[in-house]
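Letter by letter, the chains look like this.
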Amino acid sequence: MPYSWEKTSDPATTAELHLWPHQSLTARSFSAVILGFFLFALIPFFGLIGTKLLWGLLPFMLAAVAGIYWAIQRNSRDRRVLEILTLSPEQARLVRHNPRGPAQEWQSNIYWVEVILHQTGGPVPWYVTLKGAGREVEIGAFLSEEERRALYSDLSGRIRGMARN
């Protein structure tokens, strides 16, 4: 699950939830993908060894390898999103750290926070939002449908428990 409840200094009164997008490509597998693409792209060049055509096609093959490298790196940078929801008996605070641009922040009195699950009508099915302090903010939009449903039930219970304290 790409979210977890972190341990806090006082687990009885505060809770902290960290959410992040799936990262299926590790640094080691990234290297393997680039090396594999390069080696498979070299196969047609073995028949061209010793010809002028090899030098004419080589820059295009290297440009393709560079393009794959750039695209995977860009995707990795764009997936560096971290959402941190901090719950206490007094307030709920959500901070979204974006890959580019400033962090976005929302906070509300915990008693007035409402967790809403939109089955349809959102940018994705089973869309989870937090409503309070006159605003409605999304949380975990990058999660899968099953993960958003689990997040909704988990988050609803935690917020109700915190509001009672």
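Coordinates for the structure precede this section.
Within any chain, residue numbers begin from 1 and follow the written order of that chain's sequence. Only residues with pLDDT of at least 70 get local features here, since the model is predicted, and only at 80 or more are side-chain atom pairs given and counted; chain-wide, interface and lining totals rely on the full set of residues. Side-chain measures here rest on the full set of heavy atoms in the structure, leaving out hydrogens and waters.

Undergrad: Would you mind showing me how to read the packing of aromatic side chains here?
TA: One pair of aromatic rings is described through two measures. These are the centre distance and the angle between the planes. Aromatic pairing here means that ring centres of Phe, Tyr or Trp (its six-membered ring) are within 6.5 Å. Orientation follows from the plane angle: under 30 degrees is stacked, over 60 is edge-to-face, and everything else is tilted. A full pass over the atoms with the stated rule returns 2 aromatic pairs. Look at tyrosine 111 and tryptophan 112: their rings are 5.0 Å apart centre to centre, the planes differ by 85°, and that puts the pair in the edge-to-face class. By relative accessible area, tyrosine 111 is classed as exposed at 55%. Burial here depends on accessible area, computed with a 1.4 Å probe over protein chains only, as a share of the maximum for the residue type. Under 20% is buried, over 50% is exposed, and the range in between is partly exposed. The exposure class assigned to tryptophan 112 is exposed, which follows from its relative accessible area of 60%. Here, a charge over a ring is recorded when the distance from Lys NZ or Arg CZ to the ring centre is within 6 Å and its angle to the ring normal is within 35 degrees. Above the ring of tryptophan 126, the side-chain terminus of arginine 149 is found at 4.3 Å from the ring centroid. When the ring centre of tryptophan 5 is taken as origin, the NZ or CZ atom of arginine 158, which lies over that ring, is 4.0 Å away.

Undergrad: Please clarify how the pairing of strand β2 (residues 15–19) should be interpreted in this entry.
TA: On a regular strand, one side chain projects to one face of the sheet and the next to the other, so that they alternate. Put simply, DSSP H or I for four residues or longer makes a helix, DSSP E for two residues or longer makes a strand, and each gets a number counted from the N terminus. Counted residue by residue, β2 has 4 buried out of 5 residues, so it is predominantly covered. Pairing between strands is defined by DSSP: at least two bridges between the two strands are required. As defined by bridge partners, strand β1 (residues 3–6) adjoins β2 across 4 bridges and the pair is classed as antiparallel. Bridge pairing links glutamate 6 to glutamate 16 in β2.

Undergrad: Which parts of the structure should I look at to understand the side chain of histidine 18?
TA: As for its position among the elements, histidine 18 is in strand β2. Polar contact is the term for a pair of N or O atoms within 3.5 Å; when the atoms are in protein, one must be able to donate a hydrogen and the other to accept it, and sequence-neighboring residues count only if both atoms are side-chain atoms. In terms of polar contacts, histidine 18 uses its side chain to reach the side chain of glutamate 16, at 2.7 Å. The contact definition used throughout considers only heavy atoms, calling two residues in contact when any of these lie within 4.5 Å. The residues contacting histidine 18, other than those within four sequence positions of it, are Pro2, Tyr3, Ser4, Glu6, Leu82, Glu83 and Ile84.

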